[in-house]
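The residues making up each chain are set out below.
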Amino acid sequence: MRMAGRKIFISGDEAVAEAVRLVSPHVISAYPITPQTVAVERISDFVEDGSLQAEYIHVESEHSAMSAALGAAAVGARTFTATSSQGLLYMAEVLPYVSGARFPIVMMNANRALAVPWALLSDHRDSLSQLDSGWIQVYCEDAQETLDMIIQAYRVAEDERVMTPMMVNLDGFVLTHTYELVELPDQAALKSFLPDYSTDNKMDLDVPKSVCLAAMNHYMEYMMKQELDMRNVESIIEETDREYGDMFGRSYGGMIEQYMCDGADAVLVTLGSVTGTARVVVDSMRSEGYKVGLVKLRFMRPFPKAEIIEIGSKVKAIGVVDKDISVGYEGIVFTNVNSALSDLDRVPQRLNFIAGLGGRNVSKAHIRDMYMQLLEVAEGKEKEKIQFVNARCEYNG
Amino acid sequence: MDRPKVVKYKEPERAEDYPVGATFKAGHLVQTNSGWRTFRPIIDQDKCIKCLRCFLVCPDGAIDKSGESLEIDYDFCKGCGVCAHECKVGAIRMVKEGADEDGR
Ligand code: SF4
Ligand code: SF4
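Each chain has its residues counted from 1, following the order in which its sequence is written. A letter from A marks each chain and a number from 1 marks each ligand, given out in the order of writing. Only residues with pLDDT of 70 or above have their local features reported here, since the model is predicted, and side-chain atom pairs are shown and tallied only from 80 upward, although totals for entire chains, interfaces and linings are computed over all residues. Excluding hydrogens and water, the side-chain values take into account all heavy atoms of the structure.

### A look at the environment of A:Lys209
Phase 1 of the analysis: You can see A:Lys209 is positioned in strand β9 (residues 209–210).
Phase 2 of the analysis: Contact definition: two residues touch when any of their heavy atoms are within 4.5 Å. Excluding its chain neighbours within four sequence positions, the residues that come into contact with A:Lys209 are A:Asp200, A:Asn201, A:Lys202, B:Thr23, B:Phe24, B:Lys25 and B:Ala26.
Phase 3 of the analysis: Here A:Asp200 takes part through its backbone oxygen, which lies 2.7 Å from a polar atom of the side chain of A:Lys209. Comment: elements are numbered from the N terminus, with helices defined as DSSP H or I runs of at least four residues and strands as E runs of at least two. We define a polar contact as two N or O atoms separated by no more than 3.5 Å, with the added condition that, inside protein, one atom must be a possible hydrogen donor and the other a possible acceptor, whereas residues neighbouring each other in sequence contribute only through side-chain atom pairs.

### Digging into the packing of helix α1 (residues 12–23) of chain A against helix α2 (residues 37–48) of chain A
Residues and elements named next belong to chain A.
Phase 1 of the analysis: α2 packs onto α1 with a crossing angle of 35° between their chain directions and a minimal axis gap of 7 Å. Pair α1 / α2 crosses with right-handed handedness. Across from Asp 13, Glu 14, Val 16, Ala 17, Glu 18, Val 20 and Arg 21 in α1, the residues of α2 making contact are Thr 37, Val 38, Ala 39, Arg 42, Ile 43 and Phe 46.
Phase 2 of the analysis: Just so you know the grouping, Ala, Val, Leu, Ile, Met, Phe, Trp, Tyr, Cys and Pro go in nonpolar, Asp, Glu, Lys and Arg go in charged, and all remaining residues, Gly too, go in polar. Classifying every residue of the contact of α1 with α2 by side-chain character gives seven nonpolar, one polar and five charged. Inter-axis angles, ranging from 0 to 180 degrees, are taken between N-to-C directions of lines fitted to C-alpha atoms, where helices are fitted over the stretch in contact. Crossing handedness follows the turn of the near helix against the far one: under a right angle anticlockwise gives a left-handed crossing, and clockwise gives a right-handed one.

### Some details on the interface of chain B and chain A
Bring the parts together and some accessible area is lost; that lost area is often taken as the interface size.
Phase 1 of the analysis: Taken together, the contact between chain B and chain A spans 14 residues of the former and 18 residues of the latter.
Phase 2 of the analysis: Two parts lose some accessible area (1.4 Å probe) when they are put together, and adding that loss for both gives the buried area. In total, about 1400 Å² of surface goes out of reach between chain B and chain A, with carbon and sulfur atoms giving 65% of it.
Phase 3 of the analysis: Broken down residue by residue, the surface that chain B buries against chain A is led by B:Tyr18, B:Val20 and B:Ala22, which jointly contribute 42%.
Phase 4 of the analysis: Just to be clear on terms, a salt bridge is a Lys or Arg side-chain nitrogen sitting within 4 Å of an Asp or Glu carboxyl oxygen. Joining chain B to chain A, the criterion identifies zero salt bridges.
Phase 5 of the analysis: The tally of links between chain B and chain A comes to six residue pairs in polar contact (both at pLDDT 80 or more).
Phase 6 of the analysis: The residue inventory of the side of chain B that touches chain A, partitioned by class, reads eight nonpolar, three polar and three charged.
Phase 7 of the analysis: Bridging between β9(A) and strand β1 (residues 24–25) of chain B involves two bridges; their strand directions are antiparallel. Directly across from A:Lys209, in β1(B), lies its bridge partner B:Lys25. For two strands to pair, DSSP has to find at least two bridges joining them.

Right under this line is the structure:
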């Protein structure tokens, strides 16, 4: 049954904090970094005023934040941490520890460009650099989705078939510092959606176990096990999304969302908040008769391979918007999409739009131009395969 | 000396049979180590109040509490000194290997 919740006007950072208060972790350990700071400050306020009963560990660095979370998770605590950009990279050493130990820590990452050049605004190079860390990665379009995904993240990560940490990504400033009306789920109903966390995967005096062990002879088998379990995650994400939708009235389509893809010749694949801008462009271009659609990639790990193949089989051209670049190759999302499409007998035309690096604006006009180019390559025209969008200078493509 | 029973290790046949996470049922060394101690812990039985703190913290389960008094299994003690550090009444001394009980 659908339970209506209270609506409040908050920013993306505050939506994270409200979600954390609702799921009530035992332990929060975090170090502030722009643009995540407001989230951890609010959580700290909640612990101080008693509305969130948790241990808040004020650590001295991100490496310590993740290490403390790892320690808490190792004794079976529900744990939360949050970071951004350089902070995420500083945590990087501990990320495979957490995923290998199969501790379902949930982390917010405020997507922010990596230095240098120093930048505070959003792109996706921070989290995409950690695709291979063994964490589940989801990208949110707005503050409401962020709140819902922090909650769902605990349900998915703590599922005994999953037991894998999850990173919830939202674009720095564009989402973290923008205010919108956000509906909070009813707390009592939430209790039945997300039961208390309990696990056998912990240090326990009554059932002694060595955790984080050195398994030189079995390293490969532990990794196989991790990969096999990760393959089940997709169906659990979908089941969680459906159940959340039934209870709270919002569901997001699972691994991806297809927007106006029926009968589309050209689709754009987007990650995060730029999806919102692309929706508006699709609406107006559809009303003008252009056959365009939008694929919102929600999860990067596990990667929605089957869904991408299905879309690839029905369109003529696919464009990938990458707010990142793997220097020396191409956009990271593009590489992943291409590898899925290579399973098709007839691969659609593909263009890679490198956009929004360091927070560079991606406007409706830019997205419209991407669609126009895709419609042209769909008709057989040649275009530069990898393009920088809204750059201040010319370049030799 | 009451050593834990040795259980035969059965290698999993399928990846699915591995435990979730790099965990394993806790165990102890079963082969006598090759003398890697520099200092050996010695319990002063007159001072010991049998609080079992050392028994709890010894990382190698080398302290035995099955008898009347606590006994250290020197075949497995690695000489880390955790027990001596944690004993609240100073009943454990660390004595240089090769020296006598008084450290000479
Ligand atoms: S910690 Fe010290 S007092 Fe306690 S049992 Fe061990 S030796 Fe005895
Ligand atoms: S020295 Fe270390 S290994 Fe030896 S008994 Fe004491 S705590 Fe155990």
